[in-house]
Amino acid sequence: MSATPAALLPEDEPERLRSLRAHEVLPTLIEPVFEEFVALTAQVFSLPISLIAVVEEDDVYYPANHGMPGNDQQPRVEALCSTAVQQSRAVVYHDLLLESTALTPEAARAAKENELRFYAGALLQLPNQPPLGTLCIIDRQPRTLSAAEQQLLEQLAALVSQAIAVRVSCLGQPTGGLEQWDALRSQLQEELRELTALVRYLFTRHGVQVPVPAELLSQVARRLNDIKTLLDEYHRV
């Protein structure tokens with residue numbers, strides 16, 4: 001029997017858990033390319049922390065982690081990502097100290113103990129499946145998040161979701177799938193590292209601004225569309 005309060009469970013929780021396990025989501029995410037995704041996400045928003053969270057039955061796991069070393073998992077009732085899965089939508093908490101009514105007491109306490117003040121999470125989903133977790137960004141001080149920034153976070157989450165789906169598809173092939181995924185993973189890592197370096201250069205040249213300027217967001221969005229095209233090509237093979 002689950003130890004997670006019923007109020008944190010979405011209506012499709014049994015189906016959601018079956019999908020997580022059938023697609024072996026956690027093993028899929030233990031790949032260097034997903035570390036590149038969270039490193040890029042933290043860089044784009046000039047924030048110290050970005051995580052990929054997988055919401056399991058009673059615990060939340062963080063298989064890709066930038067900025068919170070040692071934070072591999074925590075009880076679901078304490079995890080901010082749980083609220084996004086429960087509501088089946090992206091969530092933004094501009095100041096966690098002011099969100100006591102939106103969070104469980106355990107989550108509010110954990111955020112305070114970890115000195116976290118800002119959280120935004122966008123859903124990760126396989127095609128036609130319930131949410132499996134989030135791609136999130138976190139700060140240790142309150143922060144605003146513009147509509148354009150939230151849109152870019154959701155674009156990044158969609159790419160992570162697509163990369164998971166492509167890996168599942170590749171490794172499900174009777175022959176040649178592993179080699180196909182290895183080739184794609186190398187290309188993805190190269191693209192993500194180049195984009196991370198570009199964003200770092202732009203911030204160094206123009207300075208960090210909050211919210212992130214629309215011009216920079218549009219440059220990142222265009223490069224992300226190129227990565228999506230790469231994933232689309234592999235998905236059709």
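Residues numbered from 1 in each chain as written. Predicted model: local features only at pLDDT ≥ 70, side-chain atom pairs only at ≥ 80, totals over all residues. Heavy atoms only, no water.

The chain is annotated in an unreviewed UniProt entry as GAF domain-containing protein from Hymenobacter ruricola.

Read from one edge to the other, the open sheet built from 6 strands follows the order β3-β2-β1-β6-β5-β4, with strand pairing classed as antiparallel. Only two strands of the sheet have a single partner each, and these edge strands are β3 (73-75) and β4 (91-93). The average undirected angle you get between the axes of adjacent strands in this sheet is 25 degrees. In this sheet, strand β2 (residues 59-66) lies alongside strand β1 (residues 49-55) in antiparallel orientation, the contact comprising 5 bridges. Paired with Val 54 across the bridge in β2 is Tyr 61. Contacts from helix α3 (residues 32-44) reach β1, β2 and β6 (131-139), with the element oriented near 75 degrees to β2. Its contacts with the sheet place helix α6 (residues 147-171) against β1, β4, β5 (118-125) and β6, and it is angled at close to 40 degrees to β5. (Pairing = 2+ DSSP bridges. Helix = DSSP H or I, 4+ residues; strand = E, 2+ residues; numbered from the N terminus. Axes fitted to C-alpha atoms, helices over the stretch in contact; angles between N-to-C directions. Contact = heavy atoms within 4.5 Å.)

Let's shift gears to the pattern of salt bridges. Under the definition given, this model contains 12 salt bridges. Glu 31 is the salt-bridge partner of Arg 185, the closest N and O atoms lying 2.6 Å from each other. A residue pair is termed long-range when its members are at least 10 positions apart, and Arg 185 in helix α7 (residues 177-206) and Glu 31 in the loop between α2 (25-29) and α3 qualify at 154 residues. Residue Glu 31 is classed as buried on the basis of its relative accessible area, which comes to 8%. Here Arg 193 ties to Glu 36 by a salt bridge, and the two come within 2.8 Å at their closest N and O atoms. Taken together, the positions of Arg 193 in helix α7 and Glu 36 in helix α3 put the pair 157 residues apart, joining distant regions of the chain. We classify Arg 193 as partly exposed; its relative accessible area is 47%. Put simply, Glu 31, Arg 167, Asp 182 and Arg 185 are held in one network by salt bridges that share partners. (Salt bridge = Lys/Arg side-chain N within 4 Å of Asp/Glu carboxyl O. Buried < 20%, exposed > 50% of the residue type's maximum accessible area, 1.4 Å probe, protein only.)

Counting 53 residues, the largest nonpolar core has Phe 34, Phe 45, Ile 52, Leu 135 and Leu 224 as its most contacted members. Ranked by the residues each element gives to this core, the list is headed by α6, at 11 residues. Counting 23 residues, the second largest nonpolar core, distinct from the first, contains Met 68, Leu 123, Cys 136 and Ile 138. (Core = buried A, V, L, I, M, F, W, Y, C linked by side-chain atoms within 4.5 Å.)

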